[in-house]
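# Descriptive analysis of the structure
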Amino acid sequence: MATFTERMGPVLLLWLAVCLSGSWAVDKGNFKTCDQSAFCKRQRAMKPGESPYRALLETMELTNTRLTLQLINDNNKVRLLLELYRLQGNITRVKINELKPLKPRYEVPDVLIREPPTEPLSLLSQDENGVVLSLGAESQRVIVSARPFRLDIVEGRDVLMSLNSRGLLSFEHLRMRKDTFSYKVTSTVASVWDNIKRVFSSQADPEAENKEGTDPANPAETVKEEEEKVEDGMWEETFKSHTDSKPSGPSAISLDFSLPGVEHVYGIPEHADTLKLKTTDSGDPYRLYNLDVFQYELYNPMALYGAVPVMLAHNTQRTMGIFWLNAAETWVDISSNTAGKTVFGKMLDYVQGSSETPQTDVRWISESGIIDVFLMLGPTPRDVFSQYASLTGTQAFPPLASLGYHQCRWNYNDQEDVRSVDAGFDEHDIPYDFIWLDIEHTDGKRYFTWDPHKFASPKEMLQGLLDKKRKMVAIVDPHIKVDTNYKIHNEIRSRGFYVKNKDGGDYEGWCWPGNAGYPDFTRPDMRAWWASQFGYDQYEGAMENLYTWNDMNEPSVFNGPEVTMHKDAMHESWEHREVHNLYGLYVHRATAEGLTERSGGVERPFVLTRAFFAGSQRYGAVWTGDNAAEWDHLKISIPMCLSLGLVGISFCGADVGGFFKSPSTELLVRWYQTGAYQPFFRAHAHLDTPRREPWLFGPENTALMREAIRQRYTFLPYWYQLFYLAYHTGEPVMRPLWVEYPQDPATFALDDEYLLGRDLLVHPVTEEGARGVTAYLPGKHEVWFDIHTFQKHNGGQNLYIPVTMSSIPVFQRGGSIIPRKLRVRRSSTCMEHDPYTLYVALDNQRTAEGELYIDDGHTFNYEKKELIHRKFSFANGVLSSVDLEPNAQFTTKSWVERIIILGASKPSMVTLKTADGENQLEFDFDASMSVLTIRKPGMNVGADWTVTLQ
C-alpha cells in the first residue's frame, strides 16, 4: 500500500482535488462519442436500404409455443436463428442469435422474474414470399417477409410495428482473427487450440465453401473471406490511454424498428433530457452505459449512472413498448419519418400505406450479446406497465418511513454532529425520518466499519435515533480497499470473489479508498456472502434502524476507461463488456437481500442505488446522481423521474438543493417545495459546500421549508397507497399527464408538471423570480381543486396561477377522495396511530372515490394479509367505506377526525351509521367556496360506515 501511495498518490490527490473543488463541469473528453466507440461507428455507418438478410422459409418450424426460422446473410453466408414467441398479456418476443456461434454468446440472466409464459401461435398462410401468423386477440398478426427479411406486426389493416423495415439488422458473427499466429495471444492456450482445430476440420471438406445449403457448423465453413473487412477497433480499441484487447473480436448487433403513426417516444433512462425523446439525426444517439459522470450536462444524450433499455411509444390510438434485453453498451438512434406506401408480399393484403402518416424510426445498437426483444403491444398505457411488470417485476413495496424526509450530506462529521442535527429538527419543529452518513463515517473508507474516533459508539448513536423513532442510512460502496488488515478484503480475496483482469489476476482500480478490488456480484455465491455481511453478527455497530446506500456501483473506477471498469476484465467466463449494465443491479440486489435476511425475512429493506438496470425496481430506490445547485437541474429532475417511472422505477428523487455548488435561498426553498412532491425526498450536498440544514437561512425561509416538509407528511397515507398500487400493478407513482389522458395531445410533451397517481396534479415553481406559472389542467369534462384554497377550476384549460414564495401549485382531481394525516409529528412512525382527514373532491356528477391502505409499515406481513384496504365512495349524498380485503386481518387505532367535501351543497343534516348505531354529526359549510366540513365523526378508519348528507 505504501508503494501504491508513493507511486499513485499525487495523481489520485490531484483527481480528488478537482472533484472537491466543485469548479469543473463534465469533461466530455473522458467519455466516448459514437464516433469514438468503434462498434457504434461501424454500425452507424450502415445506411438504410435493402437488407442482406433473407428468411429461409424451408427451415421454419412451428410448435405450440414458438416459431423458429433461419436467416442468412447473403453477403457472407452466415446463418442466424430467429425465434418468435407469443407471450401472455399481448407481448411478442423476438430472439436472434447465431445459428452455431464459435462459442456461446451472452444472454442476460436474472432480469426476468421467470421464463415468460407463452400462448399458442397459429399459421394463417404461407407462400414463397413469407408467412402470416395469428397473435390471437384483436386481429393481430405477425407477417414474416422472406426476401429481404422483415417482420411486421399488424392489427386489422394497421401496421403497429415493423422490424428491419429499413434493412439495418446487423449481427457481427464471432470469428477467428485472420492473423491469429502473428497476433499477441491473450486468450488461453486451450481456446487457441480449439480455434486451430476448427480451421483444420473445416478444411477436411474442400467442397464445404461451395455448398450454399451446407449446415454451417461454424463461421469458418460459411464466411466468404473476401467479404470480411478488418476495420479499426474490431480486434483492439484504444481510448485515451486505455486499450481494450477485445479477445473475441467484433460482436455487435443492431436492429431497426419502425412505428407508423407515432411521433412521441419516451423512456430509455437515464439521461438528463426532456421527457419526450428527441431525434438523433444531427448528433449522437442516446447512450445506455452506466457511468460515473462528474457534474453531468443537461439536455444531451450522454450516458449517466443507470440504463433501462425500454422505450414507450404513444399516440392517441395506442401505447406500445420495446424492451431490448441486452446489458452491454448500447446506443439508440431515433429519427422522424413518414410511413411509406411500399409493402412486401402479403403486406398488400393487410395494410393501407399513406405518405401522410408520421412515423418514428428507432435503431438499437449493442456491442455484444444477442438480440432479445420484447414487443409490448398495449394497447393502453396501463397495459404496457402491466406487460413490462410481468417480465421484470414491480417496484419493491418500501417501508412507510422511507417515504418521509431524508437529511444527508457528505459528510456529517461525527456522532455529536449527528446528535446536533437531529436536535435541530426538533428545535425547529421539522419532521424527518432518516439521517444519512457518507463515506467519511468509515474507518479509512473500509465499508462495514466505523471511524473509531468520530463514530466510536455507533449503537449508542443509533439507539438515540431509535428512541425518537428515527432511522439512519450508512453508505456501503462496492469497491473494497486492498488492505491485508481489512477483513472484508481478505475474505473476498481468499474466496476468489474479485473480478479478474484479462490476465487472470484480481482486477484493481482507484476509488475512494485508493487501490481497490471489485467483488464479482454476477456470482450468486458472492452475492450470498455479501448479503451475510449485513447480519448483526457481522456488521459491527449495526441495529435494526440502520439501512444502506450503494453509490459508485456503475462501477466507478477513477483510473479506468471512461471512469469505469475495463471491458476485458473477467467475470468468471464472461467479459465485463457483456455484463456492464447489470453490475449495479447485482450490487443493489445483494444489499437488499442482506437487509432482508438480517431480520430473518421479516423486515422490508430500504436500499438506495445510483446505478441500475431493468429490474432494479425490485430492490429499492434510485436517485438522479450528482446534480448541481442550478435552476435547470431542479427543472430536469421532473422529466428524469418521469422517465424512470415509465420503465418501472417509481422510487426516484433528486438531491434537494443540488449536490454540487451552493443554492441561492430561493432555489433551495423551491427545491424543497418540488422534492416534497416527488417519490424519494432527500436533501444532499457535497463535502465542499456550506451547511444547508433547513434552519440556517433565516426564520422566514425556515418556515417555508418546514411547511413543504410538513405537507409531505400530511400526504403520507396517499403516497403509501400509491406505492402499494405500484407494487401490485407496475403503474408509476409519479406519472406524465398523458398516462391518464392518452387521447389528449396537449399532454404528450408536458414535463414541467405531472400527476401523483390519478388524483394529484403538481406544477412546481422551477423558474427563478417567478410570479406565476401556467398549468395545464387536463380533462375537458373534469374539475380540479386547489388543495390550499379549495378553489375549483375546470379541466381542459391552461390556468395561470399567481405565485409567491409560499406557493406550491397542487390540484386534487374532482371525483377523488384522498386521506391525509394533519397531525404532523417528528417522524412518520410517531404518526402511526393518528387520525385521518378525508378530502372528498366531487366531480361534475357529484361523485367521488378513493382508497386507503394500512399495514404495520415495515414488515412483509402484508403478504399474509395483515393489512387494511378500504374503498371510499361518494354518490347520491352518501359517503361510504367498504372493505376491499374482507379476508385480511389487521386492526388500527386510527380514526376519522374530519371529512372535507369540496364542491358540496349545504345539507340540512349529516348522519353517521356504523355497527354501533346512528348519530348526527356537526358540520360547517362555506357557501363562498362550496366546502362542507364534517367535524369529529370519530369512527375507526378500518370499519364499515356510511355518512349521509340530507
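The numbering scheme is per chain: residues are counted from 1 as the chain's sequence reads. Only residues with pLDDT of 70 or above have their local features reported here, since the model is predicted, and side-chain atom pairs are shown and tallied only from 80 upward, although totals for entire chains, interfaces and linings are computed over all residues. Side-chain measures were taken over the full set of non-hydrogen atoms in the model, leaving aside hydrogen atoms and water.

This part takes up the overall build of the protein. When helices and strands are counted, the protein shows 16 helices and 53 strands. A compact globule built from 950 residues should have a C-alpha radius of gyration of about 30 Å, and the protein, at 29 Å, falls within 12% of that. Viewed in the frame of its principal axes, the protein has a C-alpha envelope of about 100 × 75 × 50 Å. When each of the 950 residues of the protein is scored for burial, the buried share is 63%. By the criteria applied, helices consist of DSSP H or I runs no shorter than four residues and strands consist of E runs no shorter than two, each listed in order from the N terminus. Our radius of gyration is a C-alpha quantity, and the globule rule it is checked against amounts to 2.2 Å times the number of residues to the power 0.38. Each residue's exposure class comes from its accessible area (1.4 Å probe, protein chains only) as a fraction of the maximum for that residue type: buried when under 20%, exposed when over 50%, partly exposed otherwise.

Another point: helix α15 (residues 716-729). The terminal C-alpha atoms of α15, which comprises 14 residues, lie 20 Å apart, in line with the 20 Å expected from a rise of 1.5 Å per residue. Burial analysis of α15 places 10 of its 14 residues in the buried class, the great majority of the element. Every buried residue of α15 is accounted for by Leu716, Pro717, Tyr718, Trp719, Tyr720, Gln721, Leu722, Phe723, Tyr724 and Ala726. Here, expected helix span is obtained from the residue count minus one, scaled by 1.5 Å.

Buried and open spaces are told apart on a 1 Å grid over the protein atoms alone, a cavity being a set of points where a 1.4 Å probe fits but cannot get out and a pocket being an open set with protein on both sides within 12 Å along at least five of seven lines. Residues with an atom within 4 Å of a point are the lining residues. Grid points are joined across faces, edges and corners, and a volume is the space filled by probe spheres set on the points. Throughout the structure, instances matching the rule amount to 10 cavities of 30 Å³ or more. Every element with two or more residues in the lining of the largest cavity is listed here: β11 (237-239) and β12 (242-244). For this scheme, ten residues count as nonpolar: Ala, Val, Leu, Ile, Met, Phe, Trp, Tyr, Cys and Pro. Four count as charged, namely Asp, Glu, Lys and Arg, and the remainder, Gly too, count as polar. Of the residues assigned to the lining of the largest cavity, the class counts are 4 nonpolar, 5 polar and 6 charged.

When DSSP finds at least two bridges between two strands, those strands are taken to pair. Taking strand neighbours across the sheet as the criterion, the 8 strands line up as β1-β2-β3-β4-β20-β17-β16-β14 in an open arrangement whose pairing is antiparallel. Across the chains shown, the open sheet's two edge strands, defined by having one partner strand only, are β1 (53-62) and β14 (264-267). Mean inter-strand twist for the sheet, computed between neighbouring axes without regard to direction, equals 20 degrees. Bridge analysis of β14 against strand β16 (residues 310-314) gives 4 bridges, and the strand direction is antiparallel. Bridge pairing in β16 places Val265 opposite Ala313. Its contacts with the sheet put helix α5 (residues 381-392) on β3 (79-87), β4 (91-98), β16, β17 (319-324) and β20 (371-376), and the angle it makes with β17 is roughly 25 degrees. Here, axes are lines fitted to C-alpha atoms. For helices the fit covers the stretch in contact, and angles between N-to-C directions go from 0 to 180 degrees. The criterion used for residue contact is that any of the two residues' heavy atoms lie within 4.5 Å.

We now examine the packing of helix α13 (residues 665-675) against helix α14 (residues 699-714). Angle between the axes and distance between the axes: these two values describe a pair of packed helices. Where α13 contacts α14, the two axes come as close as 8 Å, and the packing angle between them is 10 degrees. As judged from the angle between their axes, α13 and α14 are roughly parallel. Every residue of α14 that contacts α13 at Thr665, Leu668, Val669, Tyr672, Gln673 and Gly675 is listed here: Asn701, Leu704, Met705, Ala708, Ile709 and Arg712. Oblique is the label for any angle not under 35 degrees, not over 145, and not in the 65 to 115 range, which are roughly parallel, roughly antiparallel and roughly perpendicular in turn.

This part covers the packing of helix α9 (residues 524-532) against helix α11 (residues 583-597). Taken N-terminus to C-terminus, the directions of α9 and α11 make an angle of 45 degrees; their axes are 7 Å apart at the nearest point. The angle between α9 and α11 falls in the class oblique. Note on packing geometry: the crossing formed by α9 with α11 is right-handed. For the pair α9 and α11, contact is made by Arg527, Trp530 and Ala531 and by Tyr586, Arg589, Ala590, Thr591, Glu593, Gly594 and Glu597, respectively. Left-handed describes a crossing in which the near helix is turned anticlockwise from the far one by less than a right angle; the clockwise case is right-handed.

With that settled, consider the pairing of strand β2 (residues 66-73). With respect to burial, β2 is a largely interior element, 7 of its 8 residues being buried. Relative to β2, β1 is paired through 6 bridges, and the arrangement is antiparallel. Paired with Tyr53 across the two strands is Asn73, which belongs to β2. Hairpin remark: β1 followed by β2, antiparallel, with 3 residues in the connecting loop. The pairing of β2 with β3 spans 7 bridges and is classified as antiparallel. Looking at the pairing, Leu69 lines up with Leu82 of β3.

Any carboxyl oxygen of Asp or Glu within 4 Å of a side-chain nitrogen of Lys or Arg constitutes a salt bridge here. One pass over the full model with this rule turns up 69 salt bridges. A salt bridge links Arg93 to Asp372; the shortest N-O distance between them is 2.8 Å. Here the residue Arg93 occupies a position in strand β4, and Asp372 occupies one in strand β20, the gap between them amounting to 279 residues. No difference in accessibility class separates Arg93 from Asp372, as the two residues are buried. What you see here is one network of salt bridges that share partners, running through Asp244, Arg287, Glu329, Glu367, Glu562, Lys567, Glu575 and Arg577.

Moving on, we come to the UniProt feature "domain: Glycosyl hydrolase family 31 C-terminal" (unreviewed entry) in the protein. UniProt positions are given in the numbering used here, feature names are shortened, and annotations may be inferred rather than shown by experiment. Summarizing the sequence annotation, UniProt attributes the feature "domain: Glycosyl hydrolase family 31 C-terminal" (unreviewed entry) to residues 730-818 in the numbering used throughout. With 4% helix and 38% strand, residues 730-818 has end C-alpha atoms that lie 21 Å from one another.

In the segment running from Gly378 into Pro379, the intervening peptide bond is cis, with an omega of 15 degrees. With respect to the secondary-structure elements, Pro379 resides in the loop between β20 and α5. That bond from Trp410 to Asn411 is cis: its omega, 10 degrees, falls within 30 degrees of zero. With a phi angle near 70 degrees, Lys661 is a residue other than glycine that sits in the positive phi range. Residue Lys661 is classed as partly exposed on the basis of its relative accessible area of 36%.

Right, let's get into the packing of aromatic side chains. Stacked, edge-to-face and tilted labels apply to pairs of Phe, Tyr and Trp rings (six-membered ring for Trp) whose centres lie within 6.5 Å, assigned for plane angles under 30 degrees, over 60, and everything in between, in that order. Applying the stated criterion across every chain yields a total of 50 aromatic pairs. Geometrically, the ring pair formed by Phe606 and Phe680 is tilted, given 6.2 Å between the ring centres and 40 degrees between the ring planes. Here the residue Phe606 occupies a position in the loop between α11 and β30 (607-609), and Phe680 occupies one in the loop between α13 and β34 (681-683), the gap between them amounting to 74 residues. In this structure Phe606 comes out as buried when scored by relative accessible area, which is 2%. Look at Phe680 and you get buried, because its relative accessible area is 2%. Aromatic rings pair up to connect Phe434, Trp436, Tyr547, Trp549, Phe606, Trp623, Phe651, Phe680 and Phe723 into one cluster. Between the NZ or CZ atom of Arg712 and the centre of the ring of Trp719, over which it lies, the distance is 4.2 Å. Of note, Arg820 hangs over the ring of Phe715, and the distance from its end group to the ring centre comes to 4.0 Å. Any Lys NZ or Arg CZ found within 6 Å of a ring centre and within 35 degrees of that ring's normal is scored as a charge over the ring.

With that settled, the discussion passes to the nonpolar core. Among the buried residues, those of types Ala, Val, Leu, Ile, Met, Phe, Trp, Tyr and Cys that are joined through side-chain atoms within 4.5 Å form a nonpolar core. By size, the foremost hydrophobic cluster in this structure holds 174 residues, and its most contacted members are Phe323, Trp530, Tyr672, Tyr677 and Leu756. Sorting elements by how many residues they give to this core places helix α12 (residues 631-646) first, with 9 residues. Those residues within four positions of Leu756 in sequence are excluded, and the remaining contacts are Tyr677, Tyr718, Trp719, Leu722, Val733, Met734 and Val762. Core analysis: the second largest hydrophobic core is formed by 51 residues, Leu255, Ile268, Ala307 and Met320 among them.

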